[in-house]
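# Secondary and tertiary structure notes
What follows is each chain in one-letter form.
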Amino acid sequence: MENIRRKNKMIETYSVLMIDLVCAVVSYAISLFIRFNIIHYENYPKQFHLMVGAYIVILCLLYNMFLDANRNYFIRGYYQEFYYTVRYTLILVVGLVVILYLMQQSYAFSRSVYGIFAVLNTFVTYAAHMAFKKAIWKYYRKSASAEKMLVITKDILAEEVLGNLGKGKEWYYDVTAAVIYDADRKGEVVRDVPVVASREDLYETVIQMMVDEVFICLPGEPLIEVRDMVQRFEEMG
């Protein structure tokens, strides 16, 4: 299980990093085009601006490596995501100003490119982040790579528990089946999740299923019974 979680973390970290890198490069390239081809047409030193692009890439890598700023990326809402995107862009711009100043190259860089890049990168990165989240939630959960989760709960809690898990923002699991522990509802569907067993045939059913993770919500049941259940599932692997 720990290996699965580590794999999911790596997917999340490096996917968002690649999105940030691509968005920053695209935003910078469009900023140069707008400044030197639309606002005021003139030739510009391509070698110098390629070097500035490399600075932006390095700053993006440093930001993701040392600040771990995309932690909890998938559970951030619209406003939180916009805040983090604005903060990220401001750090890039300020970092770029500092680097060019220290390298004594700031005089050669157009001030308007800073502003155009800041606006473009904010909105391009934000749009890409939100689109990526929606795609992952929609497609990855139903893919063969997603963790298959079995939910064990009580009849009175089934609607609420399965509903909350279905709306949850964790991207790496798919609730594939449910066990209604205290009622025989086998064959029914609750919140688009099939009920496959009850207390009586729980283990016989689960041993025949492909399950990566078990979510247990059994308030009021004896603790020793829940512990025994967890132990038996651990023994199954």
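I will try to describe carefully the structure that is included in this document. The structure displayed is predicted, hence computed values, not measured ones.

## So, the overall build of the protein chain
Each helix and strand counted, the protein chain has 7 helices and 5 strands in total. Tracing the protein chain from N to C terminus, the helices and strands come up as α-α-α-α-β-α-β-β-β-α-β-α. Counting over 237 residues, the protein chain shows a buried share of 43%. In the protein chain, 76% of the contacts between residues at least 6 apart in sequence involve partners at least 24 apart. Split by element, the accessible area of the protein chain, about 13,800 Å² in all, is 63% carbon and sulfur.

## Here's the deal with the packing of helix α2 (residues 46-67) against helix α3 (residues 78-102)
One way to put it is that α2 packs onto α3 with a least axis distance of 10 Å and a crossing angle of 130°. Judged on the interaxial angle alone, α3 and α2 are oblique. For the pair α2 and α3, the crossing hand works out as right-handed. Where α2 approaches α3, its residues F48, V52, Y55, I56, L59, C60, Y63 and L67 are matched on the opposing element by Y84, R87, Y88, I91, L92, G95, L96, I99 and L100. By residue class, the composition of the contact of α2 with α3 is 15 nonpolar, 1 polar and 1 charged.

## What about the pattern of salt bridges?
Evaluated as defined, the whole model comprises 8 salt bridges. Between D201 and K186 there is a salt bridge, with its nearest N and O atoms 3.2 Å apart. Separated by 15 residues along the polypeptide, D201 in the loop between β4 (193-197) and α6 (202-206) and K186 in the loop between β2 (173-180) and β3 (189-190) bring together distant segments of the chain.

## Regarding the packing of aromatic side chains
Scanning all chains against the criterion turns up 5 aromatic pairs. Seen in terms of ring centroids, F82 and F123 are 6.1 Å apart; in terms of plane orientation they differ by 50°. Their pairing is tilted. Of the two residues, F82 sits in helix α3 while F123 sits in helix α4 (residues 111-139), which places them 41 residues apart along the sequence. According to the relative accessible area criterion, F82 is partly exposed, its value standing at 33%.

## Focus on the pairing of β2
Here β2 lies mainly inside the structure; 7 of its 8 residues are buried. Bridge analysis of strand β1 (residues 147-153) against β2 gives 7 bridges, and the strand direction is parallel. What sits directly across from I152, in β2, is V179. As paired strands, β2 and β4 are joined by 2 bridges and run parallel to one another. Within β4, the position partnered with A178 by the bridge is V195.

## So, the side chain of K133
When you line up the elements, K133 lands in helix α4. A distance of 2.8 Å separates the side chain of K133 from the side chain of E81, its partner in a polar contact. Setting aside residues up to four positions removed in sequence, K133 forms contacts with Y73, F74, R76 and E81.

## A closer look at the nonpolar core
Counting residues in each nonpolar core, the largest one holds 23 residues, and the members touching the most others are Y28, V52, L96, L100 and F109. Mapped by element, the contributors of at least two residues to this core are α1 (2-39), α2, α3 and α4. Broken down by element, this core gets its largest block of residues, 7 residues, from α2. When sequence neighbours within four positions are dropped, the list of residues in contact with L96 reads V52, Y55, I56, L59, F109 and Y114. Counting residues in each nonpolar core, the second largest holds 16 residues, with M149, V151, L165 and V195 among its members.

## What about the sheet that holds β1?
Overall, mixed pairing links the 5 strands, which are arranged β3-β4-β2-β1-β5 in an open sheet. Lying at the two open borders of the sheet, with one neighbouring strand each, are β3 and β5 (213-217). As paired strands, β3 and β4 are joined by 2 bridges and run antiparallel to one another. Bridging across to β4, V190 finds its partner in V193. The strands touched by helix α5 (residues 158-167) are β1, β2, β3, β4 and β5; relative to β1, the strand with the most contacts, the crossing angle is about 160°. Sitting on the sheet, helix α7 (residues 223-236) touches β1 and β5, and the angle it makes with β5 is about 175°.

## Focus: the side chain of H129
With respect to the helices and strands, the residue H129 is situated in helix α4. Setting aside residues up to four positions removed in sequence, H129 forms contacts with V16, I19, D20, N70, Y73, E81 and T85.

Reading the values: the criteria
- Residues numbered from 1 in each chain as written.
- Predicted model: local features only at pLDDT ≥ 70, side-chain atom pairs only at ≥ 80, totals over all residues.
- Heavy atoms only, no water.
- Helix = DSSP H or I, 4+ residues; strand = E, 2+ residues; numbered from the N terminus.
- Buried < 20%, exposed > 50% of the residue type's maximum accessible area, 1.4 Å probe, protein only.
- Contact = heavy atoms within 4.5 Å.
- Areas by Shrake-Rupley, 256 points an atom, 1.4 Å probe, with all protein chains shown as cover.
- Axes fitted to C-alpha atoms, helices over the stretch in contact; angles between N-to-C directions.
- Parallel < 35°, antiparallel > 145°, perpendicular 65-115°, else oblique.
- Left-handed = near helix turned anticlockwise from the far one by under 90°.
- Nonpolar A, V, L, I, M, F, W, Y, C, P; charged D, E, K, R; others polar.
- Salt bridge = Lys/Arg side-chain N within 4 Å of Asp/Glu carboxyl O.
- Phe/Tyr/Trp six-rings, centres within 6.5 Å; stacked < 30°, edge-to-face > 60°.
- Pairing = 2+ DSSP bridges.
- Polar contact = N/O pair within 3.5 Å; in protein donor to acceptor, adjacent residues only side chain to side chain.
- Core = buried A, V, L, I, M, F, W, Y, C linked by side-chain atoms within 4.5 Å.

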